[in-house]
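Summary of the model geometry
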Amino acid sequence: MRVLLVQSYLGKTGVSEQLVYPIGLACVASALDRAGHEPRIVDLNVEREPKEDAMERLKSEIRAFGAEVVGVSVRNLDSTTRKAPAVYHTWLRPTLAAIREAAPGAPAMLGGPGFTQYAATLMERHPYDFGVMGEAETVLPDLLGRIGSPRKVPGVWFRDRTGKPRFSAQAPLPAFAALPSPRRDLVDWDLYRTAAARDGIVLDVGVESSRGCPRRCAYCNYPLLNGPILRKKPPEVVAEEVETLVRQFGVRQFTFTDSRFNGDPAHAHAVCEAIAARLLPVRWTAWLGFSGLDIDLLLAMRNAGCRQVSFSADGLLQPSLDRLQKDTTTAEIEASVRMVRKVHGLHANWSFFCMPPATSREEQRQLLRWYAWIHGTLPGRGRMTLTWCRVEENTRLAEIAAEEGILAPDTDLLPEDPGKLSSLFYVPPGFERWSDFWDRFLDAEIQGRLLAARATRPLRRFGFRDLTPGHLRGSS
Ligand code: B12
Ligand code: SF4
């Protein structure tokens with residue numbers, strides 16, 4: 001079947017300006033290809049010409065390809081920023097209208113990490129025919145093979161006779177190590193390069209070395225997205241993919257999309273060695289966990305081209321780390337700063353929630369002290385990011401927020417009104433004035449009046465965009 005895979009439109013607002021190559025769709029395309037289908041990818045966020053109408057473009061792509069199925073990847077639901085709230089999922093409405101107009105009989109389906117987080121809500125709100133929960137490499141080909149009996153295909157949302165959305169059953173996770181490498185050739189790379197150059201950044205592309213996370217941090221839904229078991233790609237396959245990106249597509253920078261690159265430290269070492277052996281002109285970034293971290297790994301990463309690492313500390317003192325179920329200690333966080341200091345040339349970001357549950361006045365003061373310490377001890381290469389934590393569905397934090405009376409139990413966690421998004425960031429009772437303080441503090445940082453501006457200047461010179469908050473759950 002001819003399957004058009006669409007990266008959902010973000011409406012050219014807020015973080016949507018930040019360009020992200022659609023690795024999820026490239027993975028889905030390889031699986032479809034292997035199953036004998038004909039995939040094509042269109043990313044509505046990368047314009048072919050200035051001021052192009054995204055929905056008109058979608059219609060013309062559907063017609064030109066003769067799409068028999070249209071799948072929309074819902075990556076971002078909203079900006080997940082408290083200070084610049086923007087909602088993207090409402091674009092799913094005109095997107096469906098465009099699909100129905102251009103291909104009236106073609107099944108329209110949703111997938112992607114944003115969809116998986118709020119699948120039931122999105123299926124209720126938007127009359128797409130199907131939705132695929134989580135990783136789609138095995139589920140989607142299976143669904144296309146049995147499209148008339150979707151309830152028999154695990155991992156699928158479908159509609160019953162009355163049009164009500166139903167979920168078939170949980171699907172097993174695909175055997176990650178055996179999946180084909182993503183089809184990187186299905187996008188127009190020139191469009192991405194032109195857009196990156198226009199934004200003054202080096203194009204950064206996602207690469208996977210592992211999927212899944214066995215931890216249970218209170219705010220995080222990554223285990224829902226990629227399962228609770230760490231699944232790894234063979235290091236040589238990872239290095240081969242990186243080499244293809246560099247040699248075939250001219251990529252100079254990539255990010256490991258793994259929850260934690262060092263989830264298995266031995267595997268991380270092996271990946272670094274395999275990349276370093278190929279002597280590629282490429283630099284990269286990754287998220288790291290505190291356990292399984294040592295200087296040898298940081299050195300191996302740097303020697304393989306890693307220029308920046310990010311840590312999601314989230315809490316600083318033990319009560320908030322424990323309430324967040326972080327399974328880490330303040331001492332481990334401190335040790336990571338000292339380790340990075342010894343690895344010259346490596347930049348690092350530590351992200352913290354300024355308003356974690358179980359915070360205290362002491363923690364608030366310590367956050368300020370650490371801000372000065374990190375920027376002072378790693379001048380030009382260390383950064384501390386402070387964010388508020390977004391309350392997400394199906395997380396322990398949502399229960400905590402309800403228990404503490406911060407959010408009513410029936411609060412819509414996927415609002416269509418951007419104004420309502422800001423109220424979904426956790427602020428513990430009694431800390432409203434501290435929250436206002438951090439608001440002003442971070443405004444001053446954005447205006448370049450604080451140390452962090454100086455800290456990131458060298459990174460920008462290398463073409464890196466600003467360091468990314470923790471696991472992207474909260475943001476200033
Ligand atoms: C890595 C990452 C980034 C990196 C990307 C680096 C790069 N060069 O690629 C960076 C740091 C740039 C980034 C930025 C942002 N991110 Co981000 N990111 C991720 C992360 C950790 C992994 C995404 C990924 O690439 N996975 C690997 C691919 C292979 O998996 P996948 O995309 O999920 O695809 C699979 C399935 O979803 C499915 N699938 C995908 N598409 C489709 C389509 C169809 C039709 C079907 C059937 C199936 C299907 O099959 C695929 C293969 O298994 C996710 C969390 C997560 N674990 O998913 C957050 C996540 C996607 N990001 C998120 C957010 C919020 C952001 C930012 C808005 C943060 C910010 N405030 O700046 C920006 C937005 C940037 C933009 N313009 O899109 C949210 C999005 C949800 C939401 N709340 O909106 C997520 C889910 C994290 C979270 N829970 O908060 N991000
Ligand atoms: S925050 Fe990181 S370590 Fe914690 S559950 Fe999420 S992905 Fe795993």
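Attention here is on the structure that accompanies the text.

So, how was this worked out
- Residues numbered from 1 in each chain as written.
- Chains lettered and ligands numbered in written order.
- Predicted model: local features only at pLDDT ≥ 70, side-chain atom pairs only at ≥ 80, totals over all residues.
- Heavy atoms only, no water.
- Helix = DSSP H or I, 4+ residues; strand = E, 2+ residues; numbered from the N terminus.
- Buried < 20%, exposed > 50% of the residue type's maximum accessible area, 1.4 Å probe, protein only.
- Contact = heavy atoms within 4.5 Å.
- Areas by Shrake-Rupley, 256 points an atom, 1.4 Å probe, with all protein chains shown as cover.
- Axes fitted to C-alpha atoms, helices over the stretch in contact; angles between N-to-C directions.
- Parallel < 35°, antiparallel > 145°, perpendicular 65-115°, else oblique.
- Left-handed = near helix turned anticlockwise from the far one by under 90°.
- Nonpolar A, V, L, I, M, F, W, Y, C, P; charged D, E, K, R; others polar.
- Near = heavy atom within 4 Å.
- Polar contact = N/O pair within 3.5 Å; in protein donor to acceptor, adjacent residues only side chain to side chain.
- Core = buried A, V, L, I, M, F, W, Y, C linked by side-chain atoms within 4.5 Å.

Topic: the overall build of the protein
Scanning the protein from N- to C-terminus turns up 18 helices and 15 strands. For the protein, the spread of C-alpha atoms along the three principal axes comes to 60 × 55 × 45 Å. Taking all 476 residues of the protein together, 57% fall into the buried category. The long-range share in the protein, meaning contacts at least 24 apart out of those at least 6 apart in sequence, stands at 72%. For the protein, the exposed area adds up to about 19,200 Å²; of that, 53% sits on carbon and sulfur atoms.

Regarding the packing of helix α9 (residues 235–249) against helix α10 (residues 265–276)
Geometry of a packed helix pair, given as the angle between the helix axes and the separation of the axes. At a minimum axis distance of 8 Å, the contact between α9 and α10 shows a crossing angle of 40°. Here α9 lies oblique to α10, going by the angle between them. Relative to α10, α9 is oriented so that their crossing is right-handed. Mapping the contact onto sequence places Pro235, Glu236, Val238, Ala239 and Val242 in α9 and His267, Ala270, Val271, Ala274 and Ile275 in α10. Across the contact of α9 with α10, the residue classes break down as eight nonpolar, one polar and one charged.

A short note on the site of ligand 1
In the vicinity of ligand 1, 41 residues are found, and the nearest of them are Gln18, Ser73, Asn76, Leu77 and Glu137. One nitrogen or oxygen atom from the side chain of Arg75 is found 2.8 Å from a nitrogen atom belonging to ligand 1. Here a nitrogen atom of ligand 1 sits 3.0 Å away from a polar atom, N or O, in the main chain of Ser79. Looking at the shell around ligand 1, the elements with two or more residues in it are α1 (23–34), β3 (69–73), α4 (113–117), β8 (205–207) and α8 (222–226). In terms of residue count, α1 provides more of the shell around ligand 1 than any other element does, five residues in total. Of the residues that constitute the shell around ligand 1, the class distribution is 16 nonpolar, 17 polar and eight charged.

Focus: the nonpolar core
Of all hydrophobic cores here, the largest spans 145 residues; its most connected members are Phe256, Phe261, Trp284, Met301, Trp350, Phe352 and Leu386. Considering every element that reaches this core, the biggest residue donor is α1, with seven residues.

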